[in-house]
Every structure is written in C-alpha cells, then in structure tokens.
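Survey of secondary and tertiary structure
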Amino acid sequence: MPPKGNQFKSNQIKEENKSGAPFMFPKTKKAKAELPSFDLRDGRIIKIVGLFFLIICLYFLIAFTSYLFTWQDDQSYVLESNGGWGNFWKTPQELMDSGITNPVVQNWLGKLGALLSHQFIYEWFGIASFIFIAVFLVIGYRLLFKVRLFSISKTLGYAFFSILFFSVAIGFFHGMVNDYPHFLEGEFGFWTNRLLEVQIGAAGVAGLLVFAALTFLIVVYNIDFKLPERKLKAALAEKEAAEEPVIPASHFAHNAPVSPLNIVPDDEPVAPPAKYAQNYPVKTVLPEPEPNDSVEFNIAPKRPEAVNVPKIIPLTEVFKPVVLTPEPVLEIEGELEEPEEELNAEPVFTVAKPTVETTANKLVEEFGLYDPELDLSSYKKPTLELLENYGPNKIQINNEELEANKDKIVETLNHYNIEIDKIKATVGPTVTLYEIIPAPGVRISKIKNLEDDIALSLAALGIRIIAPMPGKGTIGIEVPNLHPEMVSMRSILATEKFQNTTMDLPIALGKTISNEVYIADLAKMPHLLVAGATGQGKSVGINSILVSLLYSKHPSQLKFVLVDPKKVELTLFKKIERHFLAKLPDEADAIITDTKKVINTLNSLCIEMDQRYDLLKDAQVRNLKEYNLKFINRKLVPTDGHRFLPFIVLIVDEFADLMMTAGKEVETPIARLAQLARAVGIHLVIATQRPSVNIITGTIKANFPARLAFRVLSKIDSRTILDAGGADQLIGRGDMLLSTGNDLIRLQCAFVDTPEVERVSDFIGNQRGYPSAFMLPEFVGEGGESTAKEFDASDRDPLFEEAARLIVMHQQGSTSLIQRKLKLGYNRAGRIIDQLEAAGVVGPFEGSKAREVLLPDDYALEQFITNINSK
C-alpha cells in the first residue's frame, strides 16, 4: 500500500533533498486542504440537521410540559389581545405599561417557550401537539445515527392523522362540559367541533370520529372482520392444508422402554407420542436413521412426493382409557339406631331467601340506579349570565405604591435597629402582603410591637402583622391597597375550581390575599359562625353562601331553613320555596320571622335529626353520604320508611335577637343540632354582631370550629369571635378572617348584589318545582298550637264552662284574661285554653296576638255546651 498523508510527503522531501534541489511547499494547495468541505455527499450537514431535530425535540418537550403547569400564570403575556408574539422584545416595564399584570414569564424555557407552547397547544391542536415531539425524535435519530426507528413517510402520515383526530376527538368530549376553548383540545379542535355540530349535529360528529378511527385501523393493521365461527373454520382449513414432514415411528420406538403394552409386530410402525403427534401430523415416513446419525427436519410445509403410507396404530388403541364409574349410593330405608325424636320428626324443607345484595342487584339491572333528580328532571341550574361582571377581575399592580410601602417599612424598622435580609410582596385584591426575613438575632416580638408605628409611617388603616407566618419562616405585614379591587361572585363561580369541585356543599367565600379563589366545604366545617359589626358585609356574606349553594346543587339534594328576624334580608329567596326551602306543615310562609315559629322549627329539626339517626341505624351506616349511596343502589326498601335524604342547611341571620326574645327555648335545640346533626346532613350557619357569652354559650360555641369574622370595633370583640385578635384591624366592605380551628385566612368576600339575587331566584322560581316546600316533622309545643288534639269532655276543668263564657263575652282568646278574671295560675289557665282550643271555642296560637274566638255570641255557646253535655 502506498504511504498516506504526511508519511508520503516526508519521503518525497527526503528524496528531493538528496538530489540537492530546494523544496517549496505549495501554499495554495495547503490552504485548500485545511478548509472543510461541506458537500452534501459527505453526510456532515445531514448529521447537523439530525442533531438540530433532536434538540428541537427536547426543547419542545420541556416547553410543552412546563405549559401544563404554568399556563395560567403566563396567560396575560401570551394572549393575542395583549400583544402575543409582539411581547417577545418588550421589557418588563413596557409590558406592565401595556396592562400585563405579570411581566415575568413562569415557563421553564422563558418567553420563547411560553409563546411556542401557547401557539401549538392552545391556538392550534391542544395536547395532541405532543405528537410533534415524537416526529422530531424519529427524524433526528434517523439523520444523526443513521438508525431507522420507523419509516419517515409513514411517521409523517400517521402523525398528521393523529394530531387532527385527537384534537377533534378531545374537543368533542370536552365540549360537553365546556363552552370555551381549552388547552386540552386547542382552538382547532374546539372550533372544528362547533363547525361540524352546526352542519351534521353532535351524533354526526361522533359517527365521523368512529369512522375515522376504524378507517385508520383498517389501513394500518388490515383488521379482519370475520365472525368468530368463520374465523375458526378458516383456521382449521389452513391447518389441514398445511403439510409438514413427520418423525418416523421407528425413531420413537428405538429408545422406547420394553413393556407389554408397546410390543408391536415389526412390520407395523409405532405411532409417535401424543405430544409430537399434535405438532407434526402424520403424513409420511422418512427412512429410519442409523445410530449416531442426526436427522434434520424442515418445518416449512411442503407437498412431498406420493409415497405408500404404512398403517399406523393410533395410541388410543394401544393405550385404551379406563373409564371409572362411581358406585351408586345406596339409600337405606328402615329404622336406624337414632333418637326417637329425629325418627318421628317431619322433614323440614328450607328455601334459601335471596339476600339483600342479590335483590338490589336485580333491581339495578332492571330499573337502573335510583335517581333523586328524576322528579325534577327538567330543572336547570342558574347560568352565570344572571350575575354581574364587575370589570376584568385582574389585579392592577402599582409598582410605585409597592416600592413606597417597602421603603417605609424598611425605614421604620431601621429606626429601631431592626435589619432585614429579604422582603417580598404578594398583591391581593384589597391587601398586599409583605413578607420579610429579619437578620439573625432579631426577636420577633420586637417587630410585632411596632404594628402601630408601621401603620403611622404608611398612613394606612388595617395594618396587621403575622409573626411568624405559619409554615414559612417569615414575618408577614398586611397593608391595604390604595385602590382595592372588587371580587365579583361571577368571577368565583366561573373558575374551574368551583365548576369541577367534588365537595358536598361548596361555598364560594372569595379570594385570598394571594388572589387565589377560596372555596370551602360546609359539610366538613360542619357549622359556620358569622359575626361582625353592622354594615361590614354579613348579609352579603350570607347571600354569597346561599347563591353558591344554589349554583352547585339540585333541589332534590339540598333544602334551606331560613330564619330572618329582620324580616327583610332573606325575603329575596321566597320565590324558590317549592324548590329549595323547608317549612313546618300548615305554615303559610317558608321564611320564618316570628320567634314562636322559630322555636317550633328548631324543635322540628331536632325531630328530623332523630328520625334520620333511626334510619341510619336501620341501614347500618354512619353518615348521610353512606346512607344515600346505599339508597341509590336500591339496597334500602322505601316500604320500610327509607327515603333519599337531602342536606338541610339552617341559616339564621340575626341570632342575638332570638336569644334576647326566646332565650333557653332557642338555645336548647340549637345546642342539640350543633352537637349531633353533622352526621345526618343538617348544618348550621348562624350570623350575629357580637357572639358574646350571653348570645353564644360555651356549649354552642364549642361546636362551631369554623368562624367567619368581618370587621369589629375592638380587640375584645375579635377575641370573642375568633379567640384571637385581628378582626379589629380589617378594613371593612367584605374584608374578613376565616378561622378553621388552626390558622387564620384573610379573604375578600365575593360580592353579590340584590338585583343579582333576584334574578337567580326568578330563574329558579319560574321553573317547574315540587307541589310544596319540603315538609319538616310536626312539632306540638306547650302552647298547644296543633289542632290535632282530641277533646275529652269527661276530663274538662271545672271552670271550663265559666272560662268559655268569659272568652265569648270579651271575644278575646287570651290566657292572661282567664288568669285575671278567674284568679288562676298560669299553668291551669294554659290547660283551660288548650281544652277550649281542642273543643273548637278558640283558634290556634298566633304569637303575640290573641287567639281568634270561633263562637260569635252566648246563644251559640249555650248550644255548644248543651251538645257537649248530651254526649
């Protein structure tokens, strides 16, 4: 072989030097040799392109994955309405000036990653865009490593179909529960579905998707649609048609052990064992091999030449099966040596009864699961269009305000020689939280004592210091914003957090100081105490609780018992009486305003609670959720008294007024309900201005771990409500603190105005409802207000007739009148008025009013007494 490269040149130089001729290096040739050749034929450009595709694959994978977690944070940056790709070259200050609330992109690959992900996933094909990553991987791997994973042309074709199909298919199913584009299907999938539904309908879109999927499977896998019987026949025919060489019988007989069962004449070959006969059908016989010779078998079926096939004795004749028949069981008749009682006893035939589980399964198979919503199957929940949209509901960040407050906080702390290592601001709708990390050695109590000094330096009300922040290791300073934002109920109810909640009784309370939607489950609280000074938002908070429950539950799942001593706050919900309200029998109004009726309603709720516990005991379950699940699965029989139990929420708007007018008569049933009603689905929401000891007793307060405090006027009131300070430092207008037993959460209550509540009530009230409101159990109080009592003439009081004449003469059915005129005690006068009501002389109890006298004059009374005495 000739020498290569430098070796060849050095030999040439030595030869020329030997001859004495000078040697000159060709400069031009050397320069040309050093420049790399980027010819397509040497493959380097192809490798670079392959490497580029792999890098793009990795880049898209990280960007798309990050988009799934950060798309909400980057929404204001990537939207076309806010600039879209035009924001790529803008500075953060320019972005904030253009109205973008969050100029810092949260995507892991920065601005470009956020914009690309938004373009591919949201504006184009949804999560089906991940298929692009697989395409880039196949192409890059093929070009760089020259290894063929899949055919590039097929990959492109399959990917094109899959992207379009999955985008449209996901949009079809997701569009059933969503009315706006989402990143799952992308705008392409969403609007393609809307266009197709207009043209061919939802059923047509479903059929088109099924047709596309089956077409793809036929093209790719060539699926055979033969029936099972035809497939079996075709397989047997192919097996019989296939011919394969067979191992000679003498080969197996060569090493077979000698036994009387396998001795066969030499002229008849022995059949192979069964396990070989199954794999190699006997067709031909090959020559018997010599010892130590190897025999090769061609497994591929071939049609051999015609040969004489010797007779083969099947193994079934050599090894004849032995059939074992069981011996008959003899039934012995006659006397046995057994006790006389058993011999003379008549035979007892028992029929196995079907179990409850079996019966329930049969009922479910025949009728399906019990659906409590069938009675009002046409009911539709209120729409969001009934609520007002107060602005964009986006927080406007004022950098100048943030910087000024930060400087004043740092300056105030420096005046007292308190150094800070770090400070961070979290902007909320009404309050900004400044989290500071003090320098090592600084005592927390020292900063806590400077609360008034910081408020003075900031010239703001409502400064609250949280030292330390729970679970963060920082100190929080809450400062009210100069321009607070309103939190509308519509913005809360429109969020996915509320729409997709799995809570039993979700109540939308508002937003936290970090601008996060806060939704609580009343069923887990399980009771809520609402308190605050007059005009600070208690009634709006009650309305927001009611509206959020109306938006989330069906009338068959929830009932309200509304107590309104003010008589004007809850009257807006009167129109939903036949849908969501509960009341006592024979009551005209479902919203209770009279004190006496409140007492009877609370005692009726206690009876309902006891009845529900009896049902739970019979069903052998522990709570309402388990009971209803059993009833839905038809494991509980309605003829035994079982029924579907809805949640019952008792709402009292001003509890202090009830305690002042009724006292113990209200306290006892409220205490029972607070202690026991949680498991049977009865929950309480009690509102008052100041829950002092004489209003909310210790027994009641201990069963209200969840407390909602609006602004109060003193620290004592705050400690009375929350057992902690802070409510006196709120700024009012819906600013509130929620205590769930462990820590305090500052919230801005969702605002719902009176016209919005009216529209929601009208929307529900105009739909078909139940024949009447949900009836609570009847309660007969000491006043004898039930007319169901039977009058016993033989058990009359001796002064019955005299009291009747007195009542008819004055035309005033009053217990105090009988006391004064007849000089009786209250108990005896009360018994006489009960007997007069049972006899039909006076009407039922009407609160503070006197009873109605049913007999007009003395003549009618004398006839009435004569009829009684003649019986």
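The numbering scheme is per chain: residues are counted from 1 as the chain's sequence reads. Where local features are concerned, this predicted model is filtered to residues with pLDDT of at least 70; where side-chain atom pairs are given and counted, the filter is 80 or more; whole-chain, interface and lining totals use all residues. Where side-chain values are given, they derive from all heavy atoms of the structure, hydrogens and water being excluded.

Brief notes about the overall build of the protein chain
Along the backbone of the protein chain there are 33 helices and 15 strands. Note on exposure labels: buried denotes an accessible area under 20% of the residue type's maximum, exposed denotes more than 50%, and partly exposed covers the range between, all computed with a 1.4 Å probe on protein chains only. In the protein chain, which comprises 871 residues, the share counted as buried stands at 40%. Only the protein chains shown count as covering a residue, and every accessible area follows the Shrake-Rupley method with a 1.4 Å probe. Surface summary for the protein chain: the accessible area is close to 51,200 Å², and the carbon and sulfur share equals 57%. Secondary structure elements follow DSSP: runs of H or I no shorter than four residues count as helices, runs of E no shorter than two count as strands, and numbering proceeds from the N terminus.

Thoughts on the side chain of Lys583
By the secondary structure assignment, Lys583 is in strand S9 (residues 582–583). Residue Lys583 is classed as buried on the basis of its relative accessible area of 10%. The term polar contact refers here to a pair of N or O atoms within 3.5 Å; inside protein, the definition further demands a hydrogen-donor-capable atom paired with an acceptor-capable atom, and it admits residues adjacent in sequence only when both atoms are side-chain atoms. Looking at Lys583, its side chain comes within polar contact range of the main-chain oxygen of Glu587, at 2.8 Å.

Description of the sheet that holds strand S1 (residues 420–427)
Here a strand pair is declared whenever DSSP counts at least two bridges between the two strands. Spatially, S1-S2-S4-S3 is the arrangement adopted by the four strands of the open sheet, whose pairing is antiparallel. The open sheet is flanked by S1 and strand S3 (464–466), the only strands paired with a single partner. With strand direction ignored, the average angle separating the axes of adjacent strands in the sheet is 20°. Where S1 and strand S2 (residues 431–438) come together, seven bridges link them in antiparallel fashion. By the bridge assignment, Lys424 is partnered in S2 with Glu435. By definition in these notes, contact holds between two residues if any of their heavy atoms fall within 4.5 Å. Every axis corresponds to a line fitted to the C-alpha atoms, with the helix fit spanning only the stretch in contact, and the corresponding angles, defined between N-to-C directions, vary from 0 to 180 degrees. Across the sheet, helix H16 (residues 399–415) is in contact with S1, S2 and strand S4 (475–480); its angle to S2 comes to roughly 40°.

Some remarks on helix H29 (residues 754–765)
One turn of the α-helix equals 3.6 residues, which is why residues spaced by three or four share an orientation. Given a rise of 1.5 Å per residue, 12 residues ought to cover 16 Å, and the 16 Å separating the end C-alpha atoms of H29 matches this to within 8%. Check the buried side of H29 and you find it contacts helix H21 (538–552) and helix H22 (577–580). What a helix is expected to span follows from its residue count: subtract one and scale by 1.5 Å.

A few points about the nonpolar core
Among buried residues, the Ala, Val, Leu, Ile, Met, Phe, Trp, Tyr and Cys ones that are joined through side-chain atoms within 4.5 Å form a nonpolar core. Grouped together as the largest cluster of nonpolar side chains are 105 residues, with contacts concentrated most on Leu509, Leu528, Phe560, Leu650 and Phe655. Ranked by residues supplied to this core, first place goes to helix H23 (residues 595–619) with nine residues. Within the second largest apolar cluster, 23 residues are counted, among which are Ala804, Val808, Ala839 and Ile868.

Digging into the pattern of salt bridges
By convention in these notes, a salt bridge is any Lys or Arg side-chain nitrogen within 4 Å of a carboxyl oxygen on Asp or Glu. A complete count under the given rule lists 23 salt bridges for this structure. Between Glu435 and Lys472 there is a salt bridge, with the nearest N and O atoms lying 3.4 Å from each other. Taken as a pair, Glu435 in strand S2 and Lys472 in the loop between S3 and S4 lie far apart in primary sequence, 37 residues in all. Glu435 sits in the buried class, given a relative accessible area of 6%. Residues Asp762 and Lys575 are paired through a salt bridge, measuring 2.4 Å at the closest nitrogen-oxygen approach. Taken together, the residues Asp762 in helix H29 and Lys575 in the loop between strand S8 (558–563) and H22 connect sequence positions 187 residues apart. We classify Asp762 as partly exposed; its relative accessible area is 25%. Here the residues in one salt-bridge network are Arg464, Glu478, Asp735 and Arg746, joined through shared partners.

Regarding the packing of aromatic side chains
Only rings of Phe, Tyr and Trp enter the pairing, Trp through its six-membered ring, and a pair is recorded when the two centres are within 6.5 Å. The plane angle decides the type: under 30 degrees is stacked, over 60 is edge-to-face, the rest tilted. This model, assessed by the stated rule, comprises 24 aromatic pairs. The interplanar angle of 85° and the centroid separation of 4.8 Å between the aromatic rings of Phe190 and Trp191 together place this pair among those described as edge-to-face. The buried category is assigned to Phe190, whose relative accessible area is 3%. Within the aromatic cluster, the residues linked to one another by ring pairs are Phe52, Phe53, Phe60, Phe64, Phe120, Trp124, Phe125, Phe130, Phe132, Phe136 and Phe188.

With respect to the environment of Phe560
Counting through the fold element by element, Phe560 comes out in strand S8. A relative accessible area of 1% places Phe560 in the buried class. C-alpha of Phe560 to C-alpha of Ala582: the two residues are 22 residues apart in sequence and 5.8 Å apart in space. If we skip the residues at most four places from it in the chain, Phe560 touches Leu546, Leu549, Leu550, Phe580, Leu581, Ala582, Val649 and Ile651.

Side note on the sheet that holds strand S13 (residues 735–739)
With mixed pairing, nine strands are arranged side by side in an open sheet as S6-S5-S14-S13-S12-S7-S11-S10-S8. Strand pairing shows two members of the sheet lacking a second neighbour, strand S6 (517–521) and S8, which therefore form its edges. Neighbour to neighbour, the strand axes of the sheet diverge by 30° on average, direction disregarded. Pairing between strand S5 (residues 506–512) and strand S14 (residues 744–749): three bridges, direction antiparallel.

Some thoughts on helix H3 (residues 44–70)
The first and last C-alpha atoms of H3 sit 39 Å apart over 27 residues, in line with the 39 Å expected at 1.5 Å per residue. Here H3 has its buried residues at Gly50, Leu54, Cys57, Phe60, Ala63, Phe64, Ser66, Tyr67 and Thr70. In this fold, the buried residues of H3 make contact with helix H6 (110–125) and helix H7 (131–145).

Things to note about the packing of H16 against helix H18 (residues 451–458)
Between H16 and H18, the shortest axis-to-axis distance is 9 Å and the interhelical angle comes to 135°. Between H16 and H18, the crossing angle belongs to the class labelled oblique. Relative to H18, H16 is oriented so that their crossing is right-handed. Contacts from Asn405, Lys408, Ile409, Thr412 and Leu413 of H16 reach H18 at Asp453, Ile454, Ser457 and Leu458. The residue makeup of the contact of H16 with H18, split by class, is four nonpolar, three polar and two charged. These descriptions rest on fixed angle ranges, namely under 35 degrees for roughly parallel, over 145 for roughly antiparallel, 65 to 115 for roughly perpendicular, and the rest for oblique. It is the rotation of the near helix from the far one that decides the hand of a crossing: anticlockwise by less than a right angle makes it left-handed, clockwise makes it right-handed. Each residue is assigned to one class: nonpolar for Ala, Val, Leu, Ile, Met, Phe, Trp, Tyr, Cys and Pro, charged for Asp, Glu, Lys and Arg, and polar for all the others, Gly among them.

Re the pairing of S2
Counting buried residues along S2, seven of its eight residues qualify, which places the element largely inside the surrounding structure. Between the antiparallel neighbours S1 and S2 lie three residues.

These results come straight from atomic positions and should not be treated as a statement about function.
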